[in-house]
Amino acid sequence: MAQKHEVAILPWSPLWGGLLTGKYRRDQPLPPDSRLTFDPLTGFWESNLGPQFYDLLDLLEELAAAKNCTIPQLVLAWTISQPAITSAIIGPRTLAQLQDNLGAIEVEINDDDRQRIDALAPPGGALAKLPNQ
Amino acid sequence: MKFTSLGRTGMQVSRLCLGGMMFGQRTNETDSAQMINYALDQGINFIDTSNL
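Residues numbered from 1 in each chain as written. Chains lettered and ligands numbered in written order. Predicted model: local features only at pLDDT ≥ 70, side-chain atom pairs only at ≥ 80, totals over all residues.

### Details of unusual backbone geometry
Residue and element names in this part refer to chain A. Although it is not a glycine, Trp 16 sits at a positive phi angle of roughly 55 degrees. Structurally, Trp 16 is set in the segment before α1 (42–48). Owing to 14 C-beta atoms within 10 Å, Trp 16 belongs among the partly exposed residues under this scheme. For Asp 27, which is not a glycine, the phi torsion comes out positive at approximately 60 degrees. Mapping Asp 27 onto the fold places it in the segment before α1. For Asp 27, a count of 5 C-beta atoms within 10 Å translates into the label exposed. (Helix = DSSP H or I, 4+ residues; strand = E, 2+ residues; numbered from the N terminus. Buried ≥ 20, exposed ≤ 12 C-beta atoms within 10 Å, placed from the backbone.)

Put into structure tokens, the structure is as follows:
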């Protein structure tokens, strides 16, 4: 509908506040200075990260490795490859994160990638509820 | 950088938009300025100033 009426879609938090960067791993402690160490919603996020979330991360890691890119680049490339998406709003904290994020522009996502991602994170579904849901 | 139309506005915006949520909060002024300048140099022409 947005495409039909030429309405721009600008998703915020495409990396899900850092959850989709690969910095949070199954059974691993939180990396120092990462958002979950200081965000007041930490307990909320952690309690919502189940096996489905980590299975998706494993897939993202595999796909990123095959493309010789980073997980954030893969996720951002996937986001802007969606036909109705105009531009994705990134939120880097450091120059290194910004430099990494901008590399997403050159990453190509194909139908096979989309199908494999959709199988673990079905369109219209959510792996965790947001605090305001 | 790659660009696309912003709805019907006639404006061309970069496919990544620099969100400023961290600027002035977790990222100090000096580092924020450096990041903004870097983004502009890389072709970003679209900044979300956030509602902080």
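Now that the structure is up, let's keep going.
### Examining the interface of chain B and chain A
Interfaces are often sized by the accessible area lost when the parts come together. Across the boundary between the two partners, chain B contributes 25 residues, which contact 21 residues of chain A. Those elements that place two or more of their residues in the side of chain B that touches chain A are β2 (12–14), β3 (16–19) and α1 (29–41) of chain B. Top element by residues in the side of chain B that touches chain A is α1 of chain B. It accounts for five residues. For the side of chain B that touches chain A, the residue count by class is 12 nonpolar, seven polar and six charged. Here strand β1 (residues 88–90) of chain A pairs with β3 of chain B via three bridges, running parallel. Residue pairing for β3 of chain B: Ile 89 of chain A is matched across the bridge by Cys 17 of chain B. (Contact = placed C-beta atoms within 7 Å. Nonpolar A, V, L, I, M, F, W, Y, C, P; charged D, E, K, R; others polar. Pairing = 2+ DSSP bridges.)

### Examining the environment of Ala 2 of chain A
Residues and elements named next belong to chain A. Looking at where Ala 2 falls in the secondary structure, it is placed in the segment before α1. Of the residues examined, Ala 2 has 13 C-beta atoms within 10 Å and is grouped as partly exposed. In this structure, the C-alpha to C-alpha distance between Ala 2 and Ile 85, residues 83 residues apart in sequence, is 9.2 Å. With sequence-adjacent residues up to four places away left out, Ala 2 is seen in contact with Val 7, Ile 9 and Ala 84.

Note that every value here comes from positions in space, so none of it alone points to a role or purpose.
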